[in-house]
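# Analysis of the macromolecular model
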Amino acid sequence: MIEGKILKVSGPLVIAEGMREANMFDVVRVGEKRLIGEIIEMHGDRASIQVYEETAGIGRGDKVVSTGAPLSVELGPGLITNIYDGIQRPLEAMREKCGANITKGIDEPALDRTKRWHFVPALKFGDTVEAGDVYGTVQETEVLVHKIMVPPGKKGTVVDLREGEYRITDRIGKIKLEDGTIEEITLMQKWPVRVSRPYAQKLPPVEPMISGQRVIDALFPIAKGGTACVPGPFGSGKTVVQHQLAKWSDVDLVVYIGCGERGNEMTDVLREFPELQDPRTGKSLMMRTVLIANTSDMPVAAREASIYTGITIAEYYRDMGYSVAVIADSTSRWAEALREMSGRLEEMPGEEGYPAYLTSRLAQFYERAGKVICLGSDGREGALSAIGAVSPQGGDISEPVTQATLRIVKVFWGLDASLAYRRHFPAINWLNSYSLYRDRLSDWFRDNVSKSWMDNTARLLKTLQIENDLQEIVKLVGVDALSAEDRMTLELAQSIREDFLQQNAFEDTDSFTELDKQNALIELIFSFGDKANKAIATGADIQSVSELPVRERIGRAKAIPYESYKTEYAKIDAEITEQLDALTAKAAADADFI
Amino acid sequence: MIREYKTIEEVAGPLMLVKQVDGVKYDELGEIELPNGDVRRCRVLEVNGRNVLVQLFESSAGLNLAESKVRFLGHGVELGVSPNMLGRVFNGMGEPIDGGAKLIPEKSLDINGTPINPAARFYPSEFIQTGISTIDGLNTLVRGQKLPIFSGSGLPHANLAAQIARQAKVRGKDEKFAVVFAAVGITFEEADFFISDFKKTGAIDRTVLFINLASDAAIERISTPRMALTAAEYLAFECDMHVLVIITDITNYAEALREVSAARKEVPGRRGYPGYLYTDLATMYERAGRKMGSEGSITMIPILTMPEDDKTHPIPDLTGYITEGQIILSRDMYRKGYLPPVDVLPSLSRLKDKGIGEGKTREDHAGTMNQLFSSYARGKEAKELMVVLGEAALTPMDRLYAKFADAFEEKYINQGFNENRTIEETLDLGWELLSILPKSEMKRIKPEMVEKYWKK
């Protein structure tokens, strides 16, 4: 046991002497209250320690004890549906133990030590196993089977393995390692958070992560195993976008990291998700969610750790062969935590005071995402997608965190305050957002949705781009100066914006849209555009076209339930034809009259 | 054991270095005794070996390195609290200044508070009727929310805050209600406006005031809002009251924080404000809310003046990232004479969706709110276009929208500081204004609702 004494205390940074024997990144306990900290620098026998709890009341001469192990998370059944703080302490259990506020120095194991799980072995006596092989399974929640795996680096023969009801620290069996030693197996393993969990091979992502959000799926899709960022000023709807992704993405597990954000937002997830139904399984969404909460009033050092805690848990489930999404809100707060520690360590600052290693740390985080072949002899595939919100100061995306993020991630959903003011939600700006996965995913969309998908969505983007150009002209000389055809393009673009891109997260029938319905909706809008263009060419007047009653029906088409959308859309399409025909006929009659 | 030290080595701005000190803890409260017997307070900012860096809470005038004595009290900065605080006036350090008797505290609480466990929060969802259409109808306030007012110098934010304090109520309920008011570096006149308004309406008996005026030591401003929040937490979570906290002006607070940071020679973030401004503000704002095991709640309305009306300035910007929305006041609207001059489009209440609808306000609330927003936005765009190109260049539909925008500003926004509208009046007014537009434009409202409420 290495024990040192405190020399200096400055906010979350503590310097202790007598620590020569300690390892870098070891977890230490600080002071009488045994606050949790981590060694981040060594100078001779002096260790700089970042403390994950409030340091008020700590002084010179207080004891620092090294635990001899790096910051690790407990991995095993019981993670799902739980809410943890940045260093994986269970908040629900802490509430029961010490009330509504978080007091210092609480020691509470991450996984419930008393709960019993039913373990079903998948292997038998004498089977040889290697790292990643599945010993057996535990039904963790109604929708997710937890696979108990051989930890990385282990290889041997099963000498004992029994079905039964176990607590997570109970021995479920034994293996004989290659060197002849016998190792006991439990349901739980530990893993250091700053080390990424190994896999066999990384694969290119080729399958989309379907979010049910029309602007994302149709225009800027993200792949399973991909990375995305959502920058936007406050009030532009970052959190709603993140919540929508957490709710509706077609993944097996979501790890939601609330990093330096509002306490009420985490409470919202915690209270709302159990009530919501996953459209794919029909079960509660909480059954596939793990929450990590370091709210903005919690100690800042734990904010730095929360991102790693979250992604390590996500990697663990990826290793079981699941598709997992990590949603981090917001990486800017994490970067600020880095900046604060860097300032206290008196490091030379980079841009805007952020440390010079900001970019490489961000890259390391996002690089832990990906589609992989997992360890284990069955060659199962898992995917880990990472989506990070960025909160640029003043909404100015030229600031260092946004720029560093953009160099790494492949999808950029740029939120726009002016869209939000108009209550156009999700306020993703279609002109500057991008997805580098679009082409790579095209085959999947062609095979699984429709052959027309890629052309339709490309045409959406093109129409919106043309609208932007035309708007420049309108601003200079007025809408009357445009040709009828151009004015029709404006009408069509408006319809795309209002009837397709806008999506109400708080409306049950609109919150999530299936891909085939999305495609049908695009086709319905274009059907109106094409037919209206024909009508105008044969003499119909643009004003009467834009005021046709059927347009209101198109406007409400997105809220038609999935079960009946096909027949309803066909009806609307028939109305379009009918009303435009009537206009053309009237125009022809008027022309004859003149 | 409390020891006294006469080893003050340096005093510079708000900071002081004391040498050869033993057993002092981080964040501990200290007292400095001046040669003339005055006692000033300070707080430990850094322990470095036997040197201790402290931050003064009051001015350093009269401090003498040779003669002054420092003692450390073994605990952090605390506030003595009791239900008898109601109706009293305190200074920024929590001492009574109304000439009344000294408060006999029931207990002493650390003014920094402790983080609320998110698993123990209740999500705010109870509608508070403020009687102001732009808030009730469009940016609904709910109990436990923190909703700041972003204002500018010379705008009537004080009137708006006083109006909210006067009119706010949860409908159909008669509950214990209190106001905690923290004046942070504002002028006497401004503070006096609030006090006389509270007196006029009789609210003063259920109000606790913490006053740090512009003439008081700037450094005291760092503790003033925390004193107020500690009192609010006590009233809300231990006395089960519903507390409305008004803090004005956050900009002065942030500047005091910058002063300390600059004196410590820390690496500055944007515009010289310390990099931890976000965290620091968050530890205050996040103290609002409702939590398990208590009936009470803290609803917070911080007021800040945006330097140069710039919303991207670090203080409003970081505040906006923490609070649950913002009410923005606009100079243009004020010049037009519309009161309260709320800039509707960039204002926002993030918690509104949980506080409105059937059983809370009325079933048509969500739809009309969205419709009013988008129609007003389109109307304003049309009006801008009209300025450039003239009215003739607008389509007939855009002309209607422009007309709607004018009527909306005139009737809906411009209600004055004395009119108290019920939510039904606000919603009905919304429908009345929407009837300027054709019924087919009501795309944001459910057809059933349009059928039921559309004014013929």
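Data block above holds the structure.
Calculation criteria
Residues numbered from 1 in each chain as written. Chains lettered and ligands numbered in written order. Predicted model: local features only at pLDDT ≥ 70, side-chain atom pairs only at ≥ 80, totals over all residues. Heavy atoms only, no water. Contact = heavy atoms within 4.5 Å. Buried area = accessible area lost by both parts, 1.4 Å probe. Salt bridge = Lys/Arg side-chain N within 4 Å of Asp/Glu carboxyl O. Polar contact = N/O pair within 3.5 Å; in protein donor to acceptor, adjacent residues only side chain to side chain. Buried < 20%, exposed > 50% of the residue type's maximum accessible area, 1.4 Å probe, protein only. Helix = DSSP H or I, 4+ residues; strand = E, 2+ residues; numbered from the N terminus. Pairing = 2+ DSSP bridges. Core = buried A, V, L, I, M, F, W, Y, C linked by side-chain atoms within 4.5 Å. Patch = residues over 30% accessible without salt bridge, like charges linked within 9 Å, V, L, I, M, F, W, Y side chains within 5 Å. Areas by Shrake-Rupley, 256 points an atom, 1.4 Å probe, with all protein chains shown as cover. Axes fitted to C-alpha atoms, helices over the stretch in contact; angles between N-to-C directions. Parallel < 35°, antiparallel > 145°, perpendicular 65-115°, else oblique. Left-handed = near helix turned anticlockwise from the far one by under 90°. Nonpolar A, V, L, I, M, F, W, Y, C, P; charged D, E, K, R; others polar. Phe/Tyr/Trp six-rings, centres within 6.5 Å; stacked < 30°, edge-to-face > 60°. Lys NZ or Arg CZ within 6 Å of the ring centre and 35° of its normal. Arc of directions from axis to C-beta.

In this section: the interface of chain A and chain B. At the junction of the two partners, chain A supplies 78 residues and chain B supplies 79 residues. Roughly 6500 Å² is buried in total at the junction of chain A and chain B, and carbon and sulfur atoms are behind 50% of that figure. The tally of links from chain A across to chain B stands at eight salt bridges. Taken together, chain A and chain B are joined by 40 residue pairs in polar contact (both at pLDDT 80 or more).

Residues and elements named next belong to chain B. With seven of seven residues buried, strand β15 (residues 242–248) is to be regarded as a mostly interior element. Side chains of β15 alternate between two faces, with His242, Leu244, Ile246 and Thr248 and Val243, Val245 and Ile247 buried alike. When strand β13 (residues 177–186) meets β15, the two strands line up parallel, connected through seven bridges. If you follow Val179 over to β15, its bridge partner there is Leu244. With seven bridges joining them, β15 and strand β17 (residues 297–305) adopt parallel strand pairing. Paired with Ile247 across the strands is Pro302, a residue of β17.

Looking now at the nonpolar core. All names here are of chain A. With 82 residues, the main nonpolar core has Ile387, Trp413, Phe528, Val545, Tyr569 and Ile572 as its most contacted residues. Element by element, the count of residues in this core is highest for helix α13 (residues 515–537), at eleven residues. Ignoring anything within four residues of it in the chain, the contact list for Tyr569 reads Lys517, Ala520, Leu521, Leu524, Ala557, Lys558 and Ile560. Counting residues in hydrophobic clusters, the runner-up holds 74 residues, among them Phe119, Leu187, Ala314 and Tyr316.

On to unusual backbone geometry, then. Note that the residue after Asp329(A), namely Ser330(A), is joined by a cis bond; omega there is 5 degrees. Tracing the sequence through the fold places Ser330(A) in the loop between β22 (323–329) and α6 (331–344). Of the consecutive residues Leu339(B) and Pro340(B), the connecting peptide bond is found in the cis state with omega at -15 degrees. Positionally, Pro340(B) belongs in the loop between α8 (331–335) and β19 (348–349). For Arg34(A), which is not glycine, the phi torsion reads 55 degrees and is therefore positive. On the accessibility criterion, Arg34(A) (40% relative accessible area) is partly exposed. For Gln88(A), which is not glycine, the phi torsion reads 60 degrees and is therefore positive. Locating Gln88(A) in the fold gives a position in the loop between β8 (83–84) and α1 (91–98).

On to a nonpolar patch on the surface. Residues and elements named next belong to chain A. Taken together, the side chains of Ile473, Leu476 and Val477 make up a nonpolar region of the molecular surface, amounting to roughly 300 Å² of accessible area. Relative to the elements of secondary structure, Leu476 occurs in helix α11 (residues 453–477). Looking at Leu476, the relative accessible area reads 67%, which means it is exposed.

This next bit is on the packing of helix α5 (residues 250–263) of chain B against helix α6 (residues 277–285) of chain B. Residue and element names in this part refer to chain B. As a packed pair, α5 and α6 sit with axes 11 Å apart at the nearest point and diverge in direction by 135 degrees. Put simply, α5 runs oblique to α6. You can see that α5 and α6 cross each other, and the crossing is right-handed. Taking contact as the criterion, the partners of Ile250, Tyr253, Ala254 and Leu257 in α5 are, on α6, Leu277, Asp280, Leu281, Met284 and Tyr285. Residues of the contact of α5 with α6, tallied by class, amount to eight nonpolar, no polar and one charged.

Moving on, we come to the sheet that holds strand β18 (residues 325–328) of chain B. Residue and element names in this part refer to chain B. Judged by pairing direction, the sheet is mixed, and its eight strands sit side by side in the order β9-β14-β13-β15-β17-β12-β18-β19 without closing on themselves. Across the chains shown, the open sheet's two edge strands, defined by having one partner strand only, are β9 (89–91) and β19. Bridge count for strand β12 (residues 149–151) against β17 is three bridges, and the pairing is parallel. In the strand pairing of β17, Ile149 is matched with Ile303.

Turning our eyes to something else, we now look at the packing of helix α12 (residues 484–501) of chain A against α13(A). Residues and elements named next belong to chain A. Contact pair α12 / α13: the axes reach a minimum separation of 10 Å and the direction vectors enclose 160 degrees. Judged by the angle between their axes, α12 and α13 are roughly antiparallel. In this structure, α12 crosses over α13, and the sense of that crossing is right-handed. Residue-level inspection shows Ala484, Glu485, Met488, Leu492, Ser495, Ile496, Asp499 and Phe500 of α12 in contact with α13, the latter providing Gln518, Leu521, Ile522, Ile525, Phe526, Phe528, Gly529, Ala532, Asn533 and Ile536. Tallied by class, residues from the contact of α12 with α13 come to twelve nonpolar, four polar and two charged.

Evaluation of the coordinates by the stated rule reveals 22 aromatic pairs over all chains. Between the aromatic rings of Trp444(A) and Phe445(A), the centroid separation amounts to 5.6 Å while the plane-to-plane angle is 85 degrees, which identifies the pairing as edge-to-face. Ring geometry for Tyr565(A) versus Tyr569(A): centroids 5.3 Å apart, planes at 75 degrees, classification edge-to-face. Taken together, the residues Tyr565(A) and Tyr569(A), both in helix α16 (residues 565–593) and four residues apart, mark about one turn of the helix. Following the ring pairs from residue to residue traces out a cluster consisting of Phe181(B), Phe193(B), Phe194(B) and Phe198(B). Above the plane of the ring of Phe500(A) lies Arg214(A), whose end atom (NZ or CZ) is 5.9 Å from the centre. Positioned over the ring face of Phe526(A) is Arg459(A), at 3.9 Å from the centre of the ring.

Residue and element names in this part refer to chain A. Buried within helix α7 (residues 358–367) are the following residues: Leu358, Leu362, Phe365 and Tyr366. Projected onto a plane normal to the axis of α7, the buried residues spread over an arc of 90 degrees and lie on a single side. Next to the buried residues of α7 lie β19 (227–231), α5 (300–319), β22, α6, β24 (381–390) and α8 (400–406).

For the rest of this paragraph, the subject is the sheet that holds strand β14 (residues 164–166) of chain A. All names here are of chain A. The sheet built from four strands is open, its strands ordered β12-β11-β9-β14 with antiparallel pairing. Here the strands that pair on one side only, and so sit at the sheet edges, are β12 (144–149) and β14. When the angles between neighbouring strand axes are averaged without regard to direction, this sheet yields 35 degrees. Judged from the six bridges that link them, strand β11 (residues 134–141) and β12 form a sheet pairing that is antiparallel. The partner of Thr141 across the bridge, within β12, is Leu144. Against the sheet, α5 engages β11 and β12, with an angle of about 90 degrees to β12.

One turn of the α-helix equals 3.6 residues, which is why residues spaced by three or four share an orientation. With respect to burial, α6(B) is a largely interior element, eight of its nine residues being buried. Where α6(B) is concerned, the buried positions are Leu277(B), Tyr278(B), Thr279(B), Asp280(B), Leu281(B), Ala282(B), Met284(B) and Tyr285(B). Those residues of α6(B) that are buried lie in contact with α5 and α6 of chain A together with α4 (224–238), α5, β17 and α7 (314–322) of chain B.

Among the secondary structure elements, Gly57(A) is positioned in the loop between β5 (46–51) and β6 (63–70). The class for Gly57(A) is partly exposed, based on a relative accessible area of 39%. Considering only alpha carbons, one finds Gly57(A) and Ser296(A), 239 residues apart in sequence, at a separation of 21 Å. Other than its neighbours up to four places away in sequence, Gly57(A) contacts Asp62(A), Lys25(B) and Tyr26(B).

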